[in-house]
Every structure is written in C-alpha cells, then in structure tokens.
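# Structural overview
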Amino acid sequence: MKLCIFGAGAIGGLMAAKLALRGDTEVTVIARGPHLAAMQKDGLRLLSEGQEITARPRCVGSAEDAGVQDYVVVTLKAHSLPGAAVQMQPLLGPDTTVVSAVNGVPWWYFHGLAGPHEGRTVESVDPGGAVSRLLPPSRSLGCIVYPAAEVIAPGVIEHTYGDRFSLGEPDGSRSARAQRLSEALIAAGFKAPVRPRIRDELWVKLWGNLAFNPISALTTATLDVLVNDDEQRGVARAMMLEGQRVAEALGIRFAIDVDKRIAGAAEVGAHKTSMLQDLERGRPMEVEALLGAVVELADLVGETAPTCRTVLALVRARARAAGCL
C-alpha cells in the first residue's frame, strides 16, 4: 500500500509515524519548511504514552516528488482545500482514494446520500464546486479524527490523547478500500472502525465544534471555563440544539443527548479549541467549515437557527478584525 499524508502536521504526523513503524505501508509525508527539513534529517519523532519513538517515512516537499498513491490522507484545515486540491493532482491515479480527515462539513457531504439533496454542493466549503472538480467525491472516504496531538518542534509530534480514526464511505457501503485502510490503521495501533453511517459520527463531533470553537474565539475561554460558565454554556447549548434540528432534518441520528455531549467536552479540561489557537497565532480560522456550513444547511432545510447565525456574524467580524479569514 502506498499512502501519502498531505498536510503532515500534528494529526498527519501521528498517523504517518505509526504506519511507517509497521513497515508494511509505504508512507510518504508532504511537508515544508523547518518541519520538512527536521524530518528529512532526523526522522519523525513521536512522543506518546510516555515514550519517544522515531519513524522514518519518506519526506518530500511536493506532490510531484511523491508520485501517484493508493491513498491520500488530507489533514489540512478545510479553508486550505481549494488551493491544496490543485497541488494534489500529481498524487492521483485512476484508483486513488482521498481520505478526508478534515474538521467540519466536508465537500463530499451530499455525495451518495439518497434523497432530494443528493449531489448538492456545500458552497461554504466548496465554493462553486472547485474542490469537487479536482477531488471528485467518488474518490472520497470519510474519516473522523479523535486523537489530539501537537507539533511541539520541527519534526516532533506530541500525542496527548485518543487513538480512533472512524472511516466511512459516503454511500454507507463497506468497501474494500475502506476495509483495507482500516486494517492498516489497526495494525499500526489505532482503532479504525468502518461505519455505515459516517455522517452521524461526523455530526457528533461537529456538534461541539460548531459551538465551542466560535464561542472560544469570541471570549478566549478554554473549554473548561466555557462549559462551566452559565452564560457561555447557555449560548453553546442553544447553538447545539439548533444544529441538532438541522442535522435531524437531514436524516442524522444522534446516539447521545446535548447535555451528555457537553459533559464530554468538559472532561477534556483546560483545552484551547483549534479556532482559538488559530486566532492567537494569526492564522485563518475554520469559521465556514465549522459554522458557516451549518447555517447554509439550516437554510436548505428551512431552519431559522438564530443563535448560530448571530454567533457566525460575530466570529466572522472577529476573524476579519484579526486578519484570520
């Protein structure tokens, strides 16, 4: 199996390191700058569960250097996809699978989804269908990312918790390509179930992200502060209930209720959401993938979602003011 990590930051580096250590997958990492130089010189170092290991995947600076792959795992922020999709073309052969390990509503969301919206484009994450033209949804395999990790130095990944990457075909089938990747990830030490309803799991993760991320960017609160402050928690809960109504109108089934989901977030502790981290570092924030797309879907199904709309307007303004759009 030839597998390429495109966007080899924290999560991509974690996956690449463990797969490369197995030795039965030809792993290529595409990176740039000091991170790439460090991996080429000293290997990819992973700190996990009190141990340090060094893996040596093939590390290159461009898709042209990597060549055609069986799997391309995309671990970028969603707003980077339109540009990255152009760069990824040399990786794609006739049978290449694009594994979408990206937060938020994905560009392939309505592919293979029976019903009145099948094949629809989600403009918030796929403006004008630009991503779908370059990365056809038929290539896509969904992947829900649960681990938390951070690049603490060039070439060094610290893995703090989580070991599950749930996989799923957009049409719900149990395909050979999904099963093959699942087996490789399990052999590398991850949990990698193949889910027939991958969107259900996508929404459970998005359920928290659509509320906690933008609120944290507006208040600079860490997750523990946010969920224990009555006012912030109240706004988050209202947003999540609005999001739930949108999702259920699209056929999603939630296995837990909103208060259990909030309690799960509280257990994470003093964590800075990804949107708050991006704000503090002056990087583009995932506003559209995590909340803009939810409001777009609300319009599609006729939900008003007033709290989500208000917070979306505020966090867009915050991002513009900070130069993080």
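Everything quoted here is computed from the prediction, not taken from an experiment. (Residues numbered from 1 in each chain as written. Predicted model: local features only at pLDDT ≥ 70, side-chain atom pairs only at ≥ 80, totals over all residues. Heavy atoms only, no water.)

### Some thoughts on empty space enclosed by the protein
Evaluated as defined, the whole model comprises two cavities of 30 Å³ or more. When its volume is computed, the largest cavity comes out at roughly 90 Å³. Along the walls of the largest cavity sit Ala 101, Val 102, Asn 103, Gly 104, Cys 143, Ile 144, Val 145, Leu 202, Lys 205, Leu 206 and Asn 209, which together make up its complete lining. Sorting the residues of the lining of the largest cavity by element identifies strand S8 (140-145) and helix H7 (198-219) as the ones contributing at least two each. Of the residues forming the lining of the largest cavity, the biggest block, four residues, is contributed by H7. When grouped by side-chain class, the residues that make up the lining of the largest cavity number seven nonpolar, three polar and one charged. One number sums up the size of the second largest cavity: a volume of about 40 Å³. Classifying every residue of the lining of the second largest cavity gives seven nonpolar, two polar and no charged. (1 Å grid on protein atoms, 1.4 Å probe; cavity = no way out; pocket = protein on both sides within 12 Å on 5 of 7 lines; lining within 4 Å. Points joined across faces, edges and corners; volume = space filled by probe spheres on them. Helix = DSSP H or I, 4+ residues; strand = E, 2+ residues; numbered from the N terminus. Nonpolar A, V, L, I, M, F, W, Y, C, P; charged D, E, K, R; others polar.)

### What to know about the packing of aromatic side chains
All chains considered together, the criterion is met by three aromatic pairs. Ring centres 4.4 Å apart and planes at 50° place the aromatic pair Trp 207 and Phe 254 in the tilted group. Taken together, the residues Trp 207 in helix H7 and Phe 254 in the loop between helix H9 (230-249) and helix H10 (258-266) connect sequence positions 47 residues apart. In this structure Trp 207 comes out as buried when scored by relative accessible area, which is 0%. (Phe/Tyr/Trp six-rings, centres within 6.5 Å; stacked < 30°, edge-to-face > 60°. Buried < 20%, exposed > 50% of the residue type's maximum accessible area, 1.4 Å probe, protein only.)

### Re the pattern of salt bridges
In total, this model carries 16 salt bridges according to the counting rule given. Between Lys 77 and Asp 278 there is a salt bridge, with the nearest N and O atoms lying 2.6 Å from each other. Placement of the pair is Lys 77 in the loop between strand S6 (69-74) and helix H4 (81-87) and Asp 278 in helix H11 (residues 274-281), with a sequence separation of 201 residues. For Lys 77, a relative accessible area of 26% gives the class partly exposed. Overall, Asp 278 belongs to the buried group, its relative accessible area being 1%. Glu 280 serves as the salt-bridge partner of Lys 272, at 2.9 Å between the closest nitrogen and oxygen. (Salt bridge = Lys/Arg side-chain N within 4 Å of Asp/Glu carboxyl O.)

### Some details on the packing of H9 against helix H13 (residues 306-322)
The interhelical angle for the contact between H9 and H13, taken along N-to-C directions, is 115°, at an axis separation of 8 Å. Two packed elements cross with a definite hand, and for H9 against H13 that hand is left-handed. Every residue of H13 that contacts H9 at Val 235, Ala 238, Met 239 and Glu 242 is listed here: Pro 306, Thr 307, Cys 308 and Val 311. When grouped by side-chain class, the residues that make up the contact of H9 with H13 number six nonpolar, one polar and one charged. (Axes fitted to C-alpha atoms, helices over the stretch in contact; angles between N-to-C directions. Left-handed = near helix turned anticlockwise from the far one by under 90°. Contact = heavy atoms within 4.5 Å.)

### Notes on the packing of H7 against H13
Closest axis-to-axis distance for the H7/H13 pair is 10 Å, and the angle between their directions is 45°. When the interaxial angle is binned, H7 and H13 end up oblique. The two elements H7 and H13 cross, and the hand of that crossing is left-handed. Contacts between H7 and H13 involve Leu 210, Pro 214, Ala 217 and Leu 218 from the first element and Cys 308, Val 311, Leu 314, Val 315 and Arg 318 from the second. Residues of the contact of H7 with H13, tallied by class, amount to eight nonpolar, no polar and one charged. (Parallel < 35°, antiparallel > 145°, perpendicular 65-115°, else oblique.)

### Structural notes on the pairing of strand S1 (residues 2-6)
Burial of S1 is extensive: four of the five residues sit out of reach of the surface. The sheet contact formed by S1 and strand S2 (residues 26-30) spans five bridges and is parallel. Each residue of the ladder has a partner; that of Phe 6, found in S2, is Ile 30. Between the parallel pair S1 and S2, the chain is carried across by helix H1 (residues 10-22), and the sense of this crossover is right-handed. As paired strands, S1 and S6 are joined by four bridges and run parallel to one another. Bridged to Leu 3 within S6 is Tyr 71. (Pairing = 2+ DSSP bridges. Right-handed = clockwise from strand over helix to strand, strands pointing away.)

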